[in-house]
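A closer look at the structure
In case you want the letters, here they are:
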Amino acid sequence: VLPGDFEKYERFSQWMFSYAYDFTPDVEQSSIDEGYFDLTAVRKPAVEVATKIRDAIGQSLKISVSEGIGVNKLVSQIASKLNKPAAFTHIPAGAEIAFLHPLPNKWLPGIGPKNAERLNAAGLARIGQIAQTPVDLLELLMGRPGLVLRQFANGIDERPLVPVSAPAKSYGEQQTFEADQTDEELIEATLRTMADNLMAAVRADEKTVRTLTVKVRYNDFAEDQCGESLTEPTDLETDLYSLLHTLLRKAWKRRVSLRMVSLKLSNVYDGLFRAELSLDTSTKQQEARRRLAAAVDELRQKNGKGVILRGHDFVLKGVRVEAPKASARPALNIVVRKQPTIATYVPLNVHSHYSFLDSTLSPAAIVALAKQHQLPAIALTDPNLHGAVEFSREAKKAGVKPIIGAELRLEGQPLWLYVQNAAGYHHLCRLLSSPKPRLKGMTEGLLAVGTEEGHAQYFPSRYYRAVSHGEEL
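Just so we're clear, the structure is a prediction, and the values are computed from it rather than from any experiment.

1. As for helix H15 (residues 422-433)
Compared with the 16 Å implied by 1.5 Å per residue over twelve residues, the 17 Å span of H15 between its first and last C-alpha is a close match. Those residues of H15 that fall on the buried side of the exposure criterion are Gly 424, His 427, Leu 428 and Leu 431. The arc that holds every buried residue of H15, seen down its axis, measures 100 degrees, which confines them to one face. Every exposed residue of H15 that faces more than 90 degrees away from the buried side is listed here: Ala 422 and Ser 433. Taking the backbone nitrogen of Ala 423 as reference, a side-chain oxygen 3.1 Å away marks Asn 421 as the first, capping residue of H15.

Quick look at the structure:
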């Protein structure tokens, strides 16, 4: 899997569209690799011009492109995508109906998998069937877009071409402080809150951004700024947080108080950039964070922004979380229910974010919670051992005993295996990597905890049903 290089993609995108400018100034770039150009005023036949552009791109850039020629955006877009790759389809004026009506409904703009299923269930699997359906029935099925959908189905598209020379869209926000500020934590919290607001708008517009710029205004009204581009576009504010800290320090060149700070997001792209393969852990975690962001957006839209707050929101409210002192037990910021701490309690089944969607806690965060509750030990039992080294290191630094284990399902029964020594760790790794694990001959150095007796034969003196207390373990 090769890493992305958006600097190169942008260069090739500019070169690709430059060939269209040789024939017309009316060029609309709708994404990094897709766009429209209007050949109405060009004297040469459209097919001839399109052929020259395609051949020039192939010869100079060594990449293939798909082209569709039609009377409007809708027809040309579908024509370009119908027979990819390297498609070249010309739909003459007047042939739109014959071209569109036999096609499945998924080819119309705005028809995703869910809407396609809804239309299929209503007997509208083909574009021609949608074209013959009354608008009121379509609106009953699809809501307000029903009218536009019927127009599209009949080859009618009145969307104008928007030349690329129009100002590029960006997102920005600024904050002028009531009093000049030198508090770096508060200023960074302000920038993070701006990122939350702006990225919510980016997601609502179904866009992604790649470049962010932080600008500061000093108490004498002089200004400095610093910007940087991500390796690939994103619609998640969490991808910006660490970069905001760096950009603020670079932009704040003069160590004097600030009157204003602003954040601008630019290099805006349509849609979400997705890698073809979602194999690594970071990609799956990114998808989980995107689902979480969508849920947070929905909650805030329904109940107001204050329904869910992040750490930097508390900073802006004047709440600071101080580092706990070794001699005093740290207080909880949020209390769900008040319970006395039981110092002998040892959780034996805790998951980290290495178990993907089972938890959002890092191994370091789990250890911090164990120390906060004065626990003598804690067991990490992900379905894998990806976080074992980090967990052990953090636990030893915090003075908490790390118990390494894993959650397995053997012979249809749940089982938690815990490492007792190096041999146990070796056997546990082998069990986890085996497509059909077998316990026989693999139990040395392992302790077992479960809810069934089926595995007890392999652990005659070291098998426990209890999972709530860890004194035996």
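Right, picking up where we left off after that structure.
2. Thoughts on the sheet that holds strand E7 (residues 223-234)
Spatially, four strands are ordered E5-E8-E6-E7 in an open sheet, and the strand pairing comes out antiparallel. Edge positions in the open sheet fall to strand E5 (171-181) and E7, since each of these has one partner strand only. Along the sheet, successive strands turn relative to each other by an average axial angle of 15 degrees, direction set aside. With eleven bridges connecting them, strand E6 (residues 207-218) and strand E8 (residues 258-270) associate as antiparallel partners. Of the residues in E8, the one forming a bridge with Thr 213 is Lys 264. Those strands touched by helix H1 (residues 6-21) are E6, E7 and E8, and its axis lies near 90 degrees from that of E7. Where helix H9 (residues 184-204) meets the sheet, its contacts fall on E5, E6, E7 and E8, and the angle it forms with E5 comes to roughly 155 degrees.

3. Describing the environment of Leu 61
On the secondary structure map, Leu 61 appears in helix H2 (residues 46-61). Excluding residues that lie within four positions of it along the chain, Leu 61 makes contacts with Phe 12, Trp 15, Met 16, Tyr 19 and Ala 56.

4. Some details on the pairing of strand E10 (residues 401-410)
Here strand E9 (residues 377-380) pairs with E10 via four bridges, running parallel. Considered in E10, the bridge of Ala 377 is made with Lys 401. Both E10 and strand E11 (residues 413-419) contribute to a ladder of six bridges, which runs antiparallel. The residue bridging Ala 406 from the neighbouring strand is Leu 417, located in E11. Where E10 hands over to E11, the hairpin turn is made up of two residues, of which Glu 411 adopts a positive phi near 55 degrees.

5. Considerations on the packing of helix H7 (residues 135-142) against helix H8 (residues 146-153)
The axes of two packed helices give the description: the angle between them and the distance between them. Here H7 crosses H8 at 120 degrees, and the two axes come no closer than 8 Å. Here H7 lies oblique to H8, going by the angle between them. Both H7 and H8 take part in a crossing whose hand is right-handed. Where H7 abuts H8, its residues Val 135, Leu 138, Glu 139 and Met 142 lie against Gly 146, Leu 147, Leu 149 and Arg 150. Class assignment for the residues of the contact of H7 with H8 results in five nonpolar, one polar and two charged.

6. Description of helix H13 (residues 363-372)
Within H13 the residues assigned to the buried category are Pro 363, Ile 366, Val 367 and Ala 370. Buried residues of H13, seen end-on, are gathered within an arc of 95 degrees and therefore sit on one face of the element. In the core, the buried residues of H13 are packed alongside E9 and helix H14 (388-398). Of the residues flanking the end of H13, it is Gln 374, one or two places downstream, whose phi is positive at about 60 degrees.

7. Here's the deal with unusual backbone geometry
Of note, the amide linkage connecting Lys 84 to Pro 85 takes the cis form, showing an omega dihedral of 0 degrees. Within the fold, Pro 85 resides in the loop between helix H3 (73-81) and strand E4 (88-90). In this structure, Ala 86 is a non-glycine residue whose phi angle is positive, near 55 degrees. Along the chain, Ala 86 falls in the loop between H3 and E4. Despite not being glycine, Asn 267 has its phi angle at roughly 55 degrees, a positive value. Mapped onto the elements of the fold, Asn 267 is located in strand E8.

8. What to know about the pairing of E7
Sheet topology note: the E6/E7 ladder contains eight bridges and is antiparallel. Residue pairing across strands places Thr 213 opposite Gly 227, the latter belonging to E7. Connecting E6 to the antiparallel partner E7 that follows it, the hairpin turn spans four residues, and Phe 221 within it adopts a positive phi of roughly 75 degrees.

9. Section: the side chain of Ser 392
Structurally, Ser 392 is set in helix H14. With relative accessibility at 17%, the residue Ser 392 sits in the buried group. Ignoring anything within four residues of it in the chain, the contact list for Ser 392 reads Pro 402 and Ile 404.

10. Regarding the confidence of the model for the protein chain
Here the protein chain shows a mean pLDDT of 82. Residues at 70 or above account for 85%. Segment residues 275-279: pLDDT under 50, and five contacts once partners within four positions in sequence are set aside and those in other chains are kept. Counted against residues more than four places away or in other chains, residues 461-473, with its pLDDT under 50, gives 38 contacts.

11. Overview of the pattern of salt bridges
On inspection of all chains with the given rule, the structure shows 19 salt bridges. Arg 203 is the partner of Asp 297 in a salt bridge, and the nearest nitrogen-oxygen pair spans 2.6 Å. Highlighted residues: Asp 297 in helix H11 (residues 281-303) and Arg 203 in helix H9, separated in sequence by 94 residues. The exposure class assigned to Asp 297 is buried, which follows from its relative accessible area of 13%.

12. Some details on the packing of aromatic side chains
For any pair of aromatic rings, the description consists of the separation of the ring centres together with the inter-plane angle of the planes. For the coordinates displayed, the defined rule picks out three aromatic pairs. Consider the rings of Phe 6 and Tyr 269, whose centres lie 5.7 Å apart with planes at 75 degrees: the pair is edge-to-face. Residue Phe 6 is located in helix H1, and its partner Tyr 269 is located in strand E8; the two are separated by 263 residues in the primary sequence. Residue Phe 6 is classed as buried on the basis of its relative accessible area, which comes to 3%. By way of ring pairs, the aromatic residues Phe 6, Tyr 9 and Tyr 269 are connected into one cluster. Seen from the ring of Tyr 36, Lys 73 lies directly overhead, with NZ or CZ sitting 5.2 Å from the centre.

Cut-offs applied
- Residues numbered from 1 in each chain as written.
- Predicted model: local features only at pLDDT ≥ 70, side-chain atom pairs only at ≥ 80, totals over all residues.
- Heavy atoms only, no water.
- Helix = DSSP H or I, 4+ residues; strand = E, 2+ residues; numbered from the N terminus.
- Expected span 1.5 Å × (residues − 1).
- Buried < 20%, exposed > 50% of the residue type's maximum accessible area, 1.4 Å probe, protein only.
- Arc of directions from axis to C-beta.
- Polar contact = N/O pair within 3.5 Å; in protein donor to acceptor, adjacent residues only side chain to side chain.
- Pairing = 2+ DSSP bridges.
- Axes fitted to C-alpha atoms, helices over the stretch in contact; angles between N-to-C directions.
- Contact = heavy atoms within 4.5 Å.
- Parallel < 35°, antiparallel > 145°, perpendicular 65-115°, else oblique.
- Left-handed = near helix turned anticlockwise from the far one by under 90°.
- Nonpolar A, V, L, I, M, F, W, Y, C, P; charged D, E, K, R; others polar.
- pLDDT = per-residue confidence, 0-100.
- Salt bridge = Lys/Arg side-chain N within 4 Å of Asp/Glu carboxyl O.
- Phe/Tyr/Trp six-rings, centres within 6.5 Å; stacked < 30°, edge-to-face > 60°.
- Lys NZ or Arg CZ within 6 Å of the ring centre and 35° of its normal.

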